[in-house]
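Geometric and topological summary
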Amino acid sequence: MVTVRPDLAELLADAHVVSLPMRVRFRGITAREALVLRGPEGWTEFSPFVEYDDAEASAWLDAAIDFGWTAHEPALDAVPVNATVPAVDPEQVAELLARYPGCTTAKVKVAEPGTTVDDDVARVAEVRRVMGPDADVRVDANGLWSVDEATTALERLAVFDLQYAEQPVASVEELASLRSRIDGLGVRIAADESVRKAADPLAVARAGAADVLVVKAQPLGGVSAAARIVAEAGLPCVVSSALDTSVGLGMGAFLAARSMAPGFAAGLGTAAMFRGDVTAEPLLPVGGRIAVRRVEVDRALLERHAASPERTAWWLDRVRRVHELLPA
């Protein structure tokens, strides 16, 4: 929980709504809307997905305030990041991976509605072929499988030497059941939505339902709050993106440098998924890593990628509503 509470006028004094075009469809969208704003410590971001209600979005506003109004010190100069492979045809895999120079880990989306396990197997097989036997390959189902479906899918995908399966099923109880059922496959279970969307983000650790926690700075209330959750959970963590602009990726990089487990790559290379950004120096992977730094926003790019007046009004109204939910 942040301790600084800027009033609404201060919060919106230098706020801008952008819509960034994406290279491929991801999470069902082809453009990512976000609100970036400047605080005393620099640029920060508020970008809960549009389907999230105001109560859930309040943690994202806490995160924006924490990063913009708190002087965080970088614990490292850079952090390793993974490549991200959406639910694309195998023929597109090599081109996508080329946008992540030096990355030796890939996260592959699976269980996409309208696709099959055969599609997932073909996609993961191509990632493994392109990246070679020494790369780390992880899959992410976003909780869309049942326990039976996840068991079947992971039995087939385990041959590709997965680093872990991220949120293969929806609930903490299902994660625990699946983890027991696939014991012996050699596939670790990572929890994402069961941490960032839960009323009690530590429940998954207490239930022994996961081997790894995937944490995101914005949904958990910011760098300070998320670091406390990781410390209390006592499990290795991987810091990932919420499909942020480079401003939000900077927030995640500060968290990763402070809290992430050694030997893992952060899911913070997602600036490579956009055709545009809010800064002339985006946090793109270089040598498989991104820098741990705050980015400076380019006002010409803010104008170029400005959301429509209707969408801008929608986001500003959203900030006003969510701000009213924060404690005084």
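Anything mentioned here points back to the structure above.
These notes cover the structure that comes with them. (Residues numbered from 1 in each chain as written. Predicted model: local features only at pLDDT ≥ 70, side-chain atom pairs only at ≥ 80, totals over all residues. Heavy atoms only, no water.)

**As for the pairing of strand β2 (residues 29-39)**
Two strands pair when backbone bridges link them, and strand β1 (residues 15-26) and β2 are joined in this way by eight bridges, in the antiparallel orientation. Its bridge partner lying in β2, H16 is registered against V36. The hairpin formed by β1 and β2 contains two residues between the paired strands, and R27 there has a positive phi angle of roughly 55 degrees. With five bridges connecting them, β2 and strand β3 (residues 42-46) associate as antiparallel partners. Bridge pairing in β3 places L37 opposite T44. Counting the residues between successive antiparallel strands, the hairpin from β2 to β3 contains two residues. (Pairing = 2+ DSSP bridges. Helix = DSSP H or I, 4+ residues; strand = E, 2+ residues; numbered from the N terminus.)

**Considering the packing of aromatic side chains**
Considering all chains together, one arrives at seven aromatic pairs under this definition. Measuring from ring centre to ring centre gives 6.3 Å for Y164 and F264, while their planes differ by 45 degrees; the resulting arrangement is tilted. Taken together, the residues span a long stretch of sequence, with Y164 in strand β8 (residues 162-166) and F264 in the loop between α10 (246-259) and β12 (289-291) at a distance of 100 residues. Among the residues examined, Y164 registers a relative accessible area of 0% and is labelled buried. Here the guanidinium or amino end of R27 rests over the ring plane of F49, the centre of that ring lying 3.7 Å away. (Phe/Tyr/Trp six-rings, centres within 6.5 Å; stacked < 30°, edge-to-face > 60°. Buried < 20%, exposed > 50% of the residue type's maximum accessible area, 1.4 Å probe, protein only. Lys NZ or Arg CZ within 6 Å of the ring centre and 35° of its normal.)

**Here we look at the environment of V108**
Tracing the backbone through its elements, the reader meets V108 in strand β6 (residues 105-109). The spatial distance from the C-alpha of V108 to the C-alpha of E166 is 9.7 Å, given a sequence separation of 58 residues. Those residues within four positions of V108 in sequence are excluded, and the remaining contacts are V85, R123, V124, V127, V137, R138, V139 and D140. (Contact = heavy atoms within 4.5 Å.)

**Brief notes about unusual backbone geometry**
Positive phi outside glycine occurs at R27, with the angle close to 55 degrees. Relative to the assigned elements, R27 resides in the loop between β1 and β2. A positive phi angle is found at D161, which is not glycine, with a value near 55 degrees.

**Side note on the packing of helix α5 (residues 147-157) against helix α6 (residues 172-181)**
Relative to each other, α5 and α6 sit at 35 degrees, their axes nearing to 10 Å. The interaxial crossing formed by α5 with α6 has right-handed handedness. Of the residues in α6, those touching α5 at V147, D148, A150, T151 and L154 are E174, S177, L178 and R181. Classifying every residue of the contact of α5 with α6 by side-chain character gives four nonpolar, two polar and three charged. (Axes fitted to C-alpha atoms, helices over the stretch in contact; angles between N-to-C directions. Left-handed = near helix turned anticlockwise from the far one by under 90°. Nonpolar A, V, L, I, M, F, W, Y, C, P; charged D, E, K, R; others polar.)

**Regarding the sheet that holds β2**
On the basis of which strands lie adjacent, the open sheet formed by three strands has the order β1-β2-β3 and antiparallel pairing. The open sheet terminates on both sides in strands that have one partner only, identified here as β1 and β3. Averaged over all neighbouring strand pairs, the angle between strand axes comes to 35 degrees, with direction disregarded. Sitting on the sheet, helix α2 (residues 54-69) is in contact with β2 and β3, with an inclination near 175 degrees to β3. Packing of helix α12 (residues 309-325) onto the sheet brings it into contact with β1, β2 and β3, and relative to β2 it is tilted by some 55 degrees.

**Some words on the sheet that holds strand β11 (residues 237-239)**
If you trace the seven strands from one edge of the open sheet to the other, you get β5-β6-β7-β8-β9-β10-β11, paired in parallel fashion. In this open sheet, the two edge strands, each paired with only one partner strand, are β5 (83-85) and β11. Geometrically, the sheet is characterised by an average inter-axis angle of 25 degrees between neighbouring strands, direction not taken into account. Where strand β7 (residues 136-140) lies against β8, three bridges are found, and the strand directions are parallel. Within the sheet, the bridge partner assigned to V137 lies in β8 and is L162. The strands touched by helix α4 (residues 117-131) within the sheet are β5, β6, β7 and β8, with β6 carrying the most contacts at an inclination of about 165 degrees.

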